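Coordinates in review
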Amino acid sequence: MESLFVAFVILLLVMFFLGLGVWVFAGLLLVSTVGLVFLIDMPLDRIGKIMSPLVIRSATSWEISAIPMFIWMGEIMLRTDMSDRLFRGLSPLTYHLPGRLLHTNIMGSALFAAISGSSAATTATVGKITLAELEKRNYSKMLAFGSLAGAGSLGLLIPPSIVMIVYGVLAEVSISRLFAAGVIPGLMIASLYAGYVMVVSLMNPEVAPPDREKPGLREMGKGLIDLIPIAILIFIVLGSIYSGIATPSEAAAVGVVATLIMTVLTRQMSREVFFGTLVSSVQTSCMIAAILIAAAFLSTAMGFLHVPQDVANAIGALDLSPYQLIFILAIFYVLLGMFLEGISITVMSLPITLPLILGAGFDPIWFGIFLVIMVELAQITPPVGFNLFIIQGLTGTPIMRVALAALPFFILMCVGVVLLTLFPDIALWLPNLLFNK
Amino acid sequence: MRGAASIEDRKRIGASVLIKAFVKVNDLAGNVAVLISSALLVYIVGHITVEIAMRHFFESSTFSMDEFVGYAIGAMTFLSLAHTFRYRKHIRVSILQSFVKGRVALAVELLCIAFTFGITLFLARYIWRTLERDFTRGTVSPTLTETPIWMVDAVIFVGLVLFLSQLLASAVLAIRDGVPEDEAVE
Amino acid sequence: QDVKWDMANEYQDTSIHGQAQKVFTDTAREASGGSIDITNHFGGSIGYKSKEHFDAVADGALPIANTSMGQVAGIEPMFLLSSLPFLVGSAEDARLLWEVARPKYEEVFARNNQVLLYASPWPPAGIWAKKAITSTDELAGVKTRAWDASGTSTLINAGAAAIQMSWADVVPQLATGGIDAVLTSAEGGTNAKFWEHLSHFSAINYSMSLNMTHVNKDEWDALTDDQRAALLTASEAASEAAWGALATRVAENYADMEANGITVVSEVPSEFLGQLSSAGEQVYADWLEKVGADGQAILDEYRAQKGS
Ligand code: NA
Ligand code: NA
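Residues numbered from 1 in each chain as written. Chains lettered and ligands numbered in written order. Predicted model: local features only at pLDDT ≥ 70, side-chain atom pairs only at ≥ 80, totals over all residues. Heavy atoms only, no water.

Quick word on the overall build of chain A
Helices and strands together make up the secondary structure of chain A, namely 21 helices and 0 strands. Whereas a compact globule of 437 residues would reach a radius of gyration of roughly 22 Å, chain A reaches 22 Å, a difference of no more than 12%. Along the three orthogonal principal directions, the C-alpha set of chain A runs to about 70 × 50 × 45 Å. Long-range contacts, defined here as pairs at least 24 residues apart, represent 79% of the contacts in chain A between residues at least 6 apart. Looking at chain A as shown, the accessible area adds up to about 14900 Å², and 70% of this sits on carbon and sulfur atoms. (Helix = DSSP H or I, 4+ residues; strand = E, 2+ residues; numbered from the N terminus. Rg over C-alpha atoms; globule rule 2.2 N^0.38 Å. Contact = heavy atoms within 4.5 Å. Areas by Shrake-Rupley, 256 points an atom, 1.4 Å probe, with all protein chains shown as cover.)

A word on the interface of chain B and chain A
Many descriptions give the size of an interface as the accessible area lost when the pieces come together. Each side of the interface is counted separately: chain B has 60 residues, and chain A has 65 residues. Counting each side, the surface lost to burial between chain B and chain A is near 5300 Å², with a carbon and sulfur contribution of 77%. The tally of links between chain B and chain A comes to 1 salt bridge. Between arginine 55 of chain B and glutamate 250 of chain A there is a salt bridge, with the nearest N and O atoms lying 2.7 Å from each other. Applying the counting rule to chain B against chain A returns 11 residue pairs in polar contact (both at pLDDT 80 or more). Residue assignment for the side of chain B that touches chain A shows that the elements contributing at least two residues are α1 (7-58), α2 (65-79), α3 (81-86), α4 (102-137) and α5 (150-177) of chain B. Counting residues per element, the side of chain B that touches chain A draws most heavily on α4 of chain B, at 14 residues. A breakdown of the residues in the side of chain B that touches chain A according to their chemical character gives 35 nonpolar, 15 polar and 10 charged. (Buried area = accessible area lost by both parts, 1.4 Å probe. Salt bridge = Lys/Arg side-chain N within 4 Å of Asp/Glu carboxyl O. Polar contact = N/O pair within 3.5 Å; in protein donor to acceptor, adjacent residues only side chain to side chain. Nonpolar A, V, L, I, M, F, W, Y, C, P; charged D, E, K, R; others polar.)

Some points on empty space enclosed by the protein
What the rule picks out here adds up to 5 cavities of 30 Å³ or more. In this structure, the second largest cavity encloses a volume near 130 Å³. As for the second largest cavity, its lining consists of Phe25, Leu29, Val55, Ala290, Ile293 and Ala294 of chain A together with Thr77, Phe78, Leu81, Thr120, Leu123 and Leu160 of chain B. Element by element, the count of residues in the lining of the second largest cavity is highest for helix α14 (residues 271-305) of chain A, at 3 residues. Residues of the lining of the second largest cavity, tallied by class, amount to 10 nonpolar, 2 polar and no charged. (1 Å grid on protein atoms, 1.4 Å probe; cavity = no way out; pocket = protein on both sides within 12 Å on 5 of 7 lines; lining within 4 Å. Points joined across faces, edges and corners; volume = space filled by probe spheres on them.)

A few points about the packing of aromatic side chains
A full pass over the atoms with the stated rule returns 33 aromatic pairs over all chains. Note on phenylalanine 85 of chain B and phenylalanine 163 of chain B: the rings are 5.6 Å apart at their centroids and 80° apart in plane angle, and the pair reads as edge-to-face. A residue pair is termed long-range when its members are at least 10 positions apart, and phenylalanine 85 of chain B in helix α3 and phenylalanine 163 of chain B in helix α5 qualify at 78 residues. For the pair phenylalanine 85 of chain B and phenylalanine 163 of chain B, one class covers both residues: buried. Considering the side-chain rings of phenylalanine 24 of chain C and tyrosine 118 of chain C, the 5.5 Å spacing of their centres and the 45° angle between planes classify their relative orientation as tilted. A residue pair is termed long-range when its members are at least 10 positions apart, and phenylalanine 24 of chain C in helix α1 (residues 16-31) and tyrosine 118 of chain C in strand β4 (residues 114-121) qualify at 94 residues. Looking at phenylalanine 24 of chain C, the relative accessible area reads 0%, which means it is buried. Its relative accessible area of 2% is what places tyrosine 118 of chain C among the buried residues. The ring of tyrosine 95 of chain A carries the charged tip of arginine 100 of chain A above its face, separated from the ring centre by 4.8 Å. Here arginine 88 of chain B stacks its cationic end above the ring of phenylalanine 85 of chain B, 5.7 Å away from the centre of that ring. (Phe/Tyr/Trp six-rings, centres within 6.5 Å; stacked < 30°, edge-to-face > 60°. Buried < 20%, exposed > 50% of the residue type's maximum accessible area, 1.4 Å probe, protein only. Lys NZ or Arg CZ within 6 Å of the ring centre and 35° of its normal.)

Quick word on the coordination of the sodium ion (ligand 2)
Residues and elements named next belong to chain A. Taken together, the protein ligands of the sodium ion (ligand 2) are Gly337 (O), Ala378 (O), Thr381 (O), Thr381 (OG1) and Val384 (O), with distances of 2.2 to 2.6 Å. Each donor residue of the sodium ion (ligand 2) belongs to the same chain, and together they define the spacing G-x40-A-x2-T-x2-V. Judged by its relative accessible area of 7%, threonine 381 falls in the buried class. Taking the relative accessible area as the measure of exposure, valine 384 reaches 1% and is therefore buried. (Donors = N, O, S within 2.8 Å, 3.2 Å for Na, K, Ca; no water.)

With respect to the confidence of the model for chain A
Looking at chain A, the pLDDT average stands at 89 and 99% of residues meet or exceed 70. Element-level mean pLDDT values for chain A span from 81 in helix α17 (residues 342-359) of chain A up to 96 in helix α3 (residues 44-59) of chain A. (pLDDT = per-residue confidence, 0-100.)

Looking at the side chain of threonine 116 of chain B
Position of threonine 116 of chain B among the secondary structure elements: in helix α4. Filtering out sequence-adjacent residues up to four positions away, threonine 116 of chain B remains in contact with Val22, Trp23 and Ala26 of chain A together with Phe163 and Leu167 of chain B.

Points about the layout of surface pockets
Approximately 830 Å³ is the volume attributed to the largest pocket. Lining the largest pocket are 35 residues, and of these His306 of chain A together with Trp5, Asp6, Thr39 and His41 of chain C lie nearest its centre. Looking at the lining of the largest pocket, the elements with two or more residues in it are α1 (2-20), α2 (24-40), α14, α15 (307-317) and α17 of chain A together with β1 (3-9) and β2 (36-41) of chain C.

Structure (structure tokens):
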């Protein structure tokens, strides 16, 4: 098992460079370079010639443009009274719900997922708005971080979704059907999360302390009014996508413009708000984009090392029953997901795993949803987990603690996968209904 | 007694002035670059808004949106690398950092900076090579705009040079003032 | 000595180019007695797009690649030839153009430290839309997505509202009505299940552009004579597979499309084709300006041979 050795060496290198404390983007470039030199004797000169154009290409790709814009939108909401209003509004409304405002992460992410196609943008934007507020109100950090890490990845499952588009193109299945197929599993996983938060809160009320007296009807009404600005924003952005005015990748710009206009209309615009939010958004997106670029190079290195191909081929040679196959593939994807980000995982493994899956009689739309959930899991597994990085970036909490906080939500997502495998109609019912088949 | 200041002292004072100047220059360059990055973010939003409006109201297009927005994103990322680093907003897995103190911490920090410097220098060397080739050959993008590609390479290269310089400044500062705390992105 | 290569291809293994590439690598392995082992990286899985293949192979960063040539026309304008609008009307035309231009292509590759092995064609592109597009009136104002600069410019000149957007945005935009039509092959639309949003395919035979397989010159020179012979045999086999598959591919696509309710308009009035051709003349003029007499010579030779 040569590829196991290769994977092991890569793991050691990741542990060495990232464990030493090298900044993640530089660390990933180092891991790739040292790995290629050490494992297949690739000359440094060739590595440089591979790295340069790929770095330029992944840095200048249109696909990542939504990230800084959504971050800017979240930043403006944070610096104006919009995020405050959101919490003031939700606080009376969620008073009787076990877990109270913790649900803002889950509901906020699910809602935001309907606007944005990426999990990084979802996590960063929702986190910008919620984490500080939750901390101020003494909510459990573990639950706040964990629910955000888990729910933030719903950006990929609830349409629109970049990973689904990539899968649809590669697997030659209808992207519209894939989008439809993601809705119910996305809501199901969000409900699992909400249920978990409620159970934990019932068992241990301290995780979600009440920050107010029991609200009356009038206060609830006032709360609803506080939610109007956010509701208008969501309506505008969603409306622009579903009316065909903007593409999902352009919707972020619509969101920024709408937020800016609202800031002006509510007389909160100032030099400080405009420039302060800009610089801060540039920093956050620089941090995320730099890691994305390095991660793209790591996946190219893995391609030259043949890791995904070899392992997937080995799985193919095992001649497994359908359920065994799904189980082994799930483990394969979780392991791959420790090091690679979502689109790379999809692109690198699919040429080999898709024929296996089709041969075993699985529906390609169903497998698309399965794969997207695998990619979501990858977002919250260390050492390379984007949602973990983003939450560390937002809060300064070390990644391993964030990963620990995310663990229950990782397990819940696995439960979601099991349900999806046992009842494939969770994914297939809606597309079959919509496209009458 | 000023006149009695030894050569050693004067050397030290001279060095500290140099260090201050070097740090200042880096700060200034980083600030200018991050302003350009901010302007680019505004530009991105603007271009997309114009594109949406043209497509929707005039059945037309700028015919350059995904391309130019892509360039702007790349430029924005690389031009802000140094400033983001200066304010400690790049993230790292700081397990080791929480255990070590004093001289060991400084050694670890310098090692991390050295590794980062090394790989960035390596990347910059090959970006330069790409830039040189795209420039001399006059490579343009395979699109309607036929943008000379070397311009994009050049901005990325400049960003990397600023970042390298900032890494040096950070190393010097770490030696002088000790290892700084990592901050959360605000 | 044994050769282990990684071969990049931006497109899937099920595309014409992917299928031909599998023939290529399998034949190369067989004909070399196993001494040439090429690992296929389909669907862009090694991280490269066609745009970067040309320099990567020149540098030896990639030993070998299968590249959509229109994407590298910004480096060597000659490569735009196969994607010029309305130059070839059939598979025979496309093959003739390829054979006429091949020496020139080889020269350009050689100048860039590479060896050209074979070419595989894209199926002809037409217009997918919600109605038949058989006249300039029907095309007027239709929001149509084209895949490259030539297509965009031709469509604008023909009176359509050409739209440029990334392929990833196409289906969501079709679903929501942001665009009305797409210029692509029958196969491209079939793979993306365009029939969920569109109803007609008008076969205007816009172009049949080429993918080429090219290998780094140093790697090539380092091979033994037998290995080079094996690669040439494999190239021949792949080329035959690709060109041979073209007709059946298109027929299969049409059958698929009709089964899914798409009206295939295969007879497009010649008057309309003439108007579209004139709309593409700007693209020709621009191209000839860049490639000069070399380009004109190829066009003349191609027209002479086609006429005879
Ligand atoms: Na989404
Ligand atoms: Na991960």
